[in-house]
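Residue-level listing of the chains:
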Amino acid sequence: MIRLNYFCVVEGQQEKMYLEHISSLLRDFPQRTVSFNIRIGNAGEIKKLLVEYDKVCLFDHDFNRNEFENNLKTCLQLNKGRKKNSAVVDHAYSSICFDLWLVLHKKFISRSANSPREYVNDVRDLYSLSDEADIKSRETMAKILNQITLEDVKTAILNAERIRNSKTEEDKFYVNDTFYYRDPDFSVNAFLKKVLVKSGIDIHIR
């Protein structure tokens with residue numbers, strides 16, 4: 001039996017609902033359960049937690065480099081300072097915004113963003129939404145998630161890896177002992193890939 005439990009800090013409703021959907025896709029009770037205990041906030045919230053299970057922070061860039069890098073630094077510092085065999089702290093970011101991550105479940109797009117709303121119309125088109133749909137609303141997000149399968153999640157992971165593999169040394173921004181790339185760039189794919197592998201899921205697309 002597989003039992004995975006994560007404490008998650010997310011920036012907003014989109015990310016919260018997405019993780020809840022991932023949990024439902026992976027649930028195969030009693031053989032497998034993957035639980036996300038979700039709180040809305042920033043990486044600083046993780047510092048307050050004394051729970052001894054793995055933690056992750058989902059956050060966007062949204063053209064706020066200082067806040068983005070502070071979230072990344074916090075995750076890195078907490079993970080670096082942890083005791084051996086203690087809970088892991090992961091970051092799961094999307095740059096510039098979470099909308100492109102939703103797009104990658106259905107289509108490969110690698111263009112950079114000129115505004116936080118760069119990919120709104122792509123999301124509307126790919127998920128057959130109206131031209132006026134508010135993709136951050138609970139109702140619309142539910143419609144989007146109803147169209148995302150486990151195979152789609154694998155597709156998004158592979159598309160994000162494809163984007164990163166296209167980057168060059170000049171695209172890097174260094175933060176402490178690590179780096180991220182000029183947008184678009186992700187680490188949410190690496191976190192979800194780890195969750196799927198730990199869940200015993202074959203990450204290759206059928």
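This structure is a prediction, so every number in the text was calculated from the model and none was measured.

## Here we look at the overall build of the protein chain
Within the protein chain, the regular secondary structure consists of 8 helices and 7 strands. For 206 residues, the compact-globule estimate of 2.2 N^0.38 gives 17 Å, and the protein chain sits close to it at 16 Å. Across the 206 residues that make up the protein chain, the buried fraction comes to 50%. The contacts of the protein chain with a sequence gap of at least 6 include a subset with a gap of at least 24, amounting to 70%. Seen as two clouds, the 32 positive and the 30 negative side-chain charges of the protein chain have centres 6 Å apart.

## Comments concerning the nonpolar core
Counting residues in each nonpolar core, the largest one holds 50 residues, and the members touching the most others are Tyr18, Phe36, Trp101 and Ile144. Per-element accounting of this core gives the leading share, 6 residues, to helix α7 (residues 150-165). In this structure phenylalanine 36 touches Tyr6, Cys8, Leu19, Ile22, Ser23, Phe191 and Val195, once residues within four positions along its chain are discounted.

## Re helix α8 (residues 188-198)
Among the residues of α8, Val188, Asn189, Phe191, Leu192, Val195 and Leu196 are the ones counted as buried. All buried residues of α8 fall inside an arc of 160° around its axis, so they share one side. Phi turns positive, to about 80°, at glycine 200, one or two residues after α8.

## Some points on the sheet that holds strand β7 (residues 185-186)
Strand order across the open sheet formed by 5 strands is β2-β1-β3-β4-β7, with mixed pairing between neighbours. Two strands close off the open sheet at either side, each with one partner strand: β2 (32-40) and β7. Bridge analysis of strand β1 (residues 2-10) against strand β3 (residues 55-60) gives 4 bridges, and the strand direction is parallel. Paired with phenylalanine 7 across the strands is lysine 55, a residue of β3. Relative to the sheet, helix α1 (residues 13-26) contacts β1, β2 and β3, its axis offset from that of β2 by approximately 170°.

## Examining unusual backbone geometry
Phenylalanine 29 connects to proline 30 through a cis peptide bond whose omega is 5°. Secondary-structure assignment places proline 30 in the loop between α1 and β2. A positive phi angle, near 50°, is found at aspartate 62, a position not held by glycine. Mapping aspartate 62 onto the fold places it in the loop between β3 and α3 (65-80). Exposure remark for aspartate 62: the relative accessible area of 32% places this residue in the partly exposed category.

## Examining the pattern of salt bridges
Taken as a whole and judged by the stated rule, the model has 15 salt bridges. Within this structure, Arg111, Glu118 and Asp122 form a network of salt bridges that share partners.

## As for the pairing of strand β6 (residues 178-181)
Note: strand β5 (residues 172-175) against β6, 4 bridges, orientation antiparallel. Bridge assignment links valine 175 to a residue of β6, and that residue is threonine 178. Remark: 2 residues form the turn of the hairpin made by β5 and β6, two consecutive strands paired antiparallel; asparagine 176 in that turn has positive phi of roughly 50°.

## A look at the side chain of aspartate 122
Looking at where aspartate 122 falls in the secondary structure, it is placed in helix α5 (residues 120-126). Excluding residues within four positions of it along the chain, aspartate 122 makes contact with Val103, Ile109 and Arg111.

## A few points about the packing of α7 against α8
Direction vectors running N to C along α7 and α8 enclose 135°, while the axes themselves pass 9 Å from each other. Classified by the interaxial angle, the pair formed by α7 and α8 is oblique. Our pair here, α7 against α8, has a crossing hand that is left-handed. On α8, the residues that touch Leu150, Lys154, Ile157, Ala160 and Glu161 of α7 are Asn189, Leu192, Lys193 and Leu196. When grouped by side-chain class, the residues that make up the contact of α7 with α8 number 5 nonpolar, 1 polar and 3 charged.

Criteria and thresholds
- Residues numbered from 1 in each chain as written.
- Predicted model: local features only at pLDDT ≥ 70, side-chain atom pairs only at ≥ 80, totals over all residues.
- Heavy atoms only, no water.
- Helix = DSSP H or I, 4+ residues; strand = E, 2+ residues; numbered from the N terminus.
- Rg over C-alpha atoms; globule rule 2.2 N^0.38 Å.
- Buried < 20%, exposed > 50% of the residue type's maximum accessible area, 1.4 Å probe, protein only.
- Contact = heavy atoms within 4.5 Å.
- Lys, Arg positive; Asp, Glu negative; His and termini not counted.
- Charge placed at Lys NZ, Arg CZ, Asp CG, Glu CD.
- Core = buried A, V, L, I, M, F, W, Y, C linked by side-chain atoms within 4.5 Å.
- Arc of directions from axis to C-beta.
- Pairing = 2+ DSSP bridges.
- Axes fitted to C-alpha atoms, helices over the stretch in contact; angles between N-to-C directions.
- Salt bridge = Lys/Arg side-chain N within 4 Å of Asp/Glu carboxyl O.
- Parallel < 35°, antiparallel > 145°, perpendicular 65-115°, else oblique.
- Left-handed = near helix turned anticlockwise from the far one by under 90°.
- Nonpolar A, V, L, I, M, F, W, Y, C, P; charged D, E, K, R; others polar.

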